[in-house]
Structures are given as structure tokens and as C-alpha cells.
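# Secondary and tertiary structure notes
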Amino acid sequence: MDKVCLRGRDYRDLAAVEIHAEHGVICQIRPLPQDDALPIIAPGLVDLQINGFAGVDFNHYPINEESVLAVTRRLWQEGVTTFLPTVITNNDDDTEQMVRGIANARRRFAAVGYGVAGIHLEGPFISAEDGPRGAHDRTLVKAPDWSLFQRWQKAARGDIRLLTLAPEWPGSAAFIRNCVQEGVTVSLGHTGADAAQIAAAVEAGASMSTHLGNGAHLLLPRHPNYIWEQLAQDKLWCAMIGDGEHLPMSVLKVFMRVKRQRAFLVSDTTSLAGMPPGRYQLHIGGDVVLSEQGRLSLADNPGLLAGSARSLLYGVNALITAGMASRHEAWDMASVRPAAMLDLPAKGGLAVGSPLDAALLGENGTGELKVLSTYAQGECVWREQ
Ligand SMILES: [Zn+2]
């Protein structure tokens, strides 16, 4: 199917449009007479942090290549057309096997090659301290090691695109420079860095904060601290977990106001996202409970979160229904903005010359959006039955 034509109301202004694409790329957008019966049309969602979904865990070796395809397809139901499987702190050999497996899946399945824009390596070059380290294994975190990273990047055939590290390790600035030179985006996260270390990392080319406000000490000096310092660095894009649990809405609001066009959402989902409610065993986190509402907590301490189980769409809807962002802005925070951060083709959104990655959406009475069908590269890849 080389030529496609989609009709909908543009998510930005609800004007009816007809979008034409050839070979998966938008070639023309024409206005139509207003028709409120048309679905809303919006760019596909872009999630830079997915640890797993629907029973698949990108941190559980061995990785099965078909399971990467399964996640790619499952995420279409959530309107996600681009994502970064995220591999966290593991031992060196397991990390190598994980990134190799994901890279192989990208080459074996066209849908994965298209939907997976690269790999996010979150660790092991992160803080060893309780708090910033989060659920990562203390015995496996280490200082940035360029030759080790090169070994992984070789196994990944260059697919590691985003790296989260803590810049307080000695040698971080040189390591960040090397990464940036090789086209790898460096993000600060799971860090307890001081102001000078954060400034030096930004100077060396770090350009993002990973889930700012999480992976942090429970108690911090009022100022200075690494949250203020990252907020004040204008060059840092700010990723926020939008599941409504990891950050209070007031904190999300403040981060959004400070970072403006550089604030965006990630889901940071674990393998339990998209699973029925119940009690589960996670290899990181142990016994956990997934509630009817999609909240994931420790079984023996329900006050403590055990990761996220809500897709990006939840975060978009939470911002809209809380009145914290317009539909246009909330959607951009989970689509064109993260794509722009990584300079992905999807950054153009619904515009001539961009890939036709899109979601057709319905809206309920409170303004919450629901995915009716999803298109990737101009092809309908999922439709509500
Ligand atoms: Zn994390």
C-alpha cells in the first residue's frame, strides 16, 4: 500500500483535515469542511523509557527476539509508534546479550526496526547510594568505562542511542564527550551530583535529565540540590514519569513551567504494564501488587511503588483532565518533544515530509483521549475491534 489518505480532526485545533502519504511519508495535508464526527488525529506517541510491557522484561536475560516484536505490536494499542527498550544495570555479559538481542530483533522484524528507534541504557554508570540508585543492584554499578561501553555498542551494532549516567563519577566529562561524539545522547539520572558536577556534565554535552524527581534521596538539602540544579540548566531536556504516582501533579506542573518546550513524558513501564491486576513476582522488586487502577506497589509495603505500569497515554490524559496542559501540549509532551530531543524523524509530527505515524482518537466527556486505531509508516497497524 503505497498511497494512504487519512481523515480526522487535527489534534492541535480540531480542524478537519485529509492527510495524504506516499511510501509512509506525509506528502499533503488538505483542509476539509468541518465534521465533528471525524476522529481526532495526532502523531504517534514516542516513549524513550520502556523496561518492559505485557509480560516482556527487557532486563531479563535471555531476551527472545519475538518478544521485542510482541511489545512493539502491543504498544500500538496504546498509540505508541516509537520507543526505546530500556536496559538497566546488569552484569557486563548480560547487558551485552540484552543489547545484542534487541539489535537482532530490529534487523529481523521490519516492525521492530521501524518502531524501536534505539536502545536506552540506564546504568550501570550511576550512583551507588541508596536513594539515587533506586532499584538498581548496588553491586553492579560502576564508574563510566569507555572501553566497556564500546564493547556493548559493538554488540548493539550502534543501536545504543541514549545513556543515563550519574556525572559524579571521576572521568564523567571525558566519557560524556566520547558518547556525544559518537552520536549517543547522554542523560543525567540516578545521580547525587553536586552543582559543579552537573554543570561540567552539561558543558561536556549531556542534554537530558532521566525521570527528574525520581531515583533521588528521600530527603534533600533545601538548596542547593541536584533537582534545582538540573532544572536551572536550560540545555537539559526533562523527562518525567507521567503515571500520576511517581511525581505529584504539583511537581510535574513546576517542572513543565520551568522546562517549557523541553519538558516531556516517559512511561518507565515495567513488564507488568498491560497485565491484569493481581499479585506478581518481579526479578527486580520481588513480590508486587498491581491494582485495578494500574498502581504497582510492593506487596508487603503498599506505600512503596515498584515501578510504573501505565502507558504514556495515561500521563497525557492526566495532564488534560487536571487542566495542566491543553490537549495539544499534553500530546506533544509524549510525541514530538521526545522525538525532537533525540532528533528522530517523528519530531515533525503531522507535517508534510514527516513519517505518517499517527493515532486516531476518540474523546470522552471529560476530554480523555482513547486510541481507536494506530498507523505506523502510513500503514494501519492496529484498530479497535
Ligand atoms: Zn530509573
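Now for a quick tour of the structure.

Conventions used here
Residues numbered from 1 in each chain as written. Predicted model: local features only at pLDDT ≥ 70, side-chain atom pairs only at ≥ 80, totals over all residues. Heavy atoms only, no water. Buried < 20%, exposed > 50% of the residue type's maximum accessible area, 1.4 Å probe, protein only. Helix = DSSP H or I, 4+ residues; strand = E, 2+ residues; numbered from the N terminus. Pairing = 2+ DSSP bridges. Lys, Arg positive; Asp, Glu negative; His and termini not counted. Salt bridge = Lys/Arg side-chain N within 4 Å of Asp/Glu carboxyl O. Polar contact = N/O pair within 3.5 Å; in protein donor to acceptor, adjacent residues only side chain to side chain. Contact = heavy atoms within 4.5 Å. Phe/Tyr/Trp six-rings, centres within 6.5 Å; stacked < 30°, edge-to-face > 60°.

## Comments concerning the pairing of strand β19 (residues 358-363)
Counting buried positions along β19 gives five out of six residues, so the element sits mostly inside the fold. As paired elements, strand β4 (residues 40-43) and β19 share four bridges and run antiparallel to each other. Across the sheet, residue Ile40 finds its bridge partner in β19, namely Leu361. Linking β19 to strand β20 (residues 369-376), which pair antiparallel, is a turn of five residues; within it Gly367 sits at a positive phi near 90 degrees.

## Describing the side chain of Asp47
Among the secondary structure elements, Asp47 is positioned in strand β5 (residues 45-50). No salt bridge forms around the buried Asp47; measuring N to O, its nearest opposite-charge neighbour Arg74 is 11 Å away. In this structure the side chain of Asp47 is engaged in a polar contact, spanning 3.1 Å, whose partner is the backbone nitrogen of Gln49. Look past the residues within four positions of Asp47 in its chain and what remains in contact with it is Val80, Thr82, Phe83, Leu84, Val266, Ser267, Asp268 and Leu312.

## Regarding unusual backbone geometry
Of note, the bond from Tyr61 into Pro62 is cis; its omega dihedral lies within 30 degrees of zero at 0 degrees. Summarising the element assignment, Pro62 is placed in the loop between β7 (56-57) and α1 (65-76). Between His223 and Pro224 the backbone carries a cis peptide bond, its omega angle lying at -5 degrees. In this model, Leu14 sits at a positive phi of 65 degrees, which is unusual for a non-glycine residue. Along the chain, Leu14 turns up in the loop between β1 (3-10) and β2 (16-22). A relative accessible area of 23% means that Leu14 is categorised as partly exposed. For His211, which is not glycine, the phi torsion reads 25 degrees and is therefore positive.

## Structural notes on the packing of aromatic side chains
The final tally for this structure, using the stated rule, is seven aromatic pairs. Taking the centre distance of 5.7 Å and the plane angle of 80 degrees together, the rings of Trp146 and Phe175 count as edge-to-face. Here Phe175 lies in helix α5 (residues 172-181) and Trp146 lies in helix α4 (residues 146-155), a separation of 29 residues in the sequence. With relative accessibility at 3%, the residue Phe175 sits in the buried group.

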